[in-house]
Amino acid sequence: MYGYILTICWSIKEVNRNLSDRPATSDYSIRYLKKACSDLAVLMRELGRALPDEKIEVVDRNGLMRPFLINEVSDMLYDTKKILEFNLIDNISHWAQAHKAA
């Protein structure tokens, strides 16, 4: 499952990075990003059921480390402001990479 999470995170980062380069497809890109975040939230929710006490250490914009339960993170993936405020995609990616390697 961590591999799927990493793939979705990579995809979100790539689409987001290229979003400004392709104004003709921006509507498609925005829809894609919303769906990808929703799919990622579903995967995180499933993992939250399997690991109810597992937390993700999230570094916010101010550089502060804040732990959140996986289910809390999955809920945040539906809120664009939270995704940006907590740099969720990068933090989830780092967390999944650490768990995949373990």
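One structure accompanies this document, and this report is about it. (Residues numbered from 1 in each chain as written. Predicted model: local features only at pLDDT ≥ 70, side-chain atom pairs only at ≥ 80, totals over all residues. Heavy atoms only, no water.)

### Focus on the pattern of salt bridges
- For the coordinates displayed, the defined rule picks out four salt bridges.
- For D90, the salt bridge identified is with K13, shortest N-O distance 3.3 Å. Taken together, the residues D90 in helix α5 (residues 88–101) and K13 in helix α1 (residues 2–18) connect sequence positions 77 residues apart.
- Assessed through its relative accessible area of 33%, K13 is described here as partly exposed. (Salt bridge = Lys/Arg side-chain N within 4 Å of Asp/Glu carboxyl O. Helix = DSSP H or I, 4+ residues; strand = E, 2+ residues; numbered from the N terminus. Buried < 20%, exposed > 50% of the residue type's maximum accessible area, 1.4 Å probe, protein only.)

### Remarks on α1
- In this model α1 runs 24 Å from its N-terminal to its C-terminal C-alpha over 17 residues, within 8% of the 24 Å that 1.5 Å per residue would give.
- Y2, I5, L6, I8, C9, S11, I12 and N18 are the residues of α1 that are buried. (Expected span 1.5 Å × (residues − 1).)

### Considering the packing of aromatic side chains
- Under the defined criterion, the tally for this structure stands at two aromatic pairs.
- Centroid distance Y2 to W95: 5.6 Å. Interplanar angle 70 degrees. Geometry classified as edge-to-face. Of the two residues, Y2 is situated in helix α1 and W95 in helix α5; the sequence distance between them amounts to 93 residues.
- For W95, a relative accessible area of 8% corresponds to the buried category.
- With a centroid separation of 5.2 Å and 65 degrees between ring planes, the pair formed by F68 and F86 is classed as edge-to-face. Highlighted residues: F68 in strand β2 (residues 65–69) and F86 in the loop between α4 (80–85) and α5, separated in sequence by 18 residues. Judged on exposure class, the residue F68 and its partner F86 are both buried. (Phe/Tyr/Trp six-rings, centres within 6.5 Å; stacked < 30°, edge-to-face > 60°.)

These figures capture arrangement, not role.
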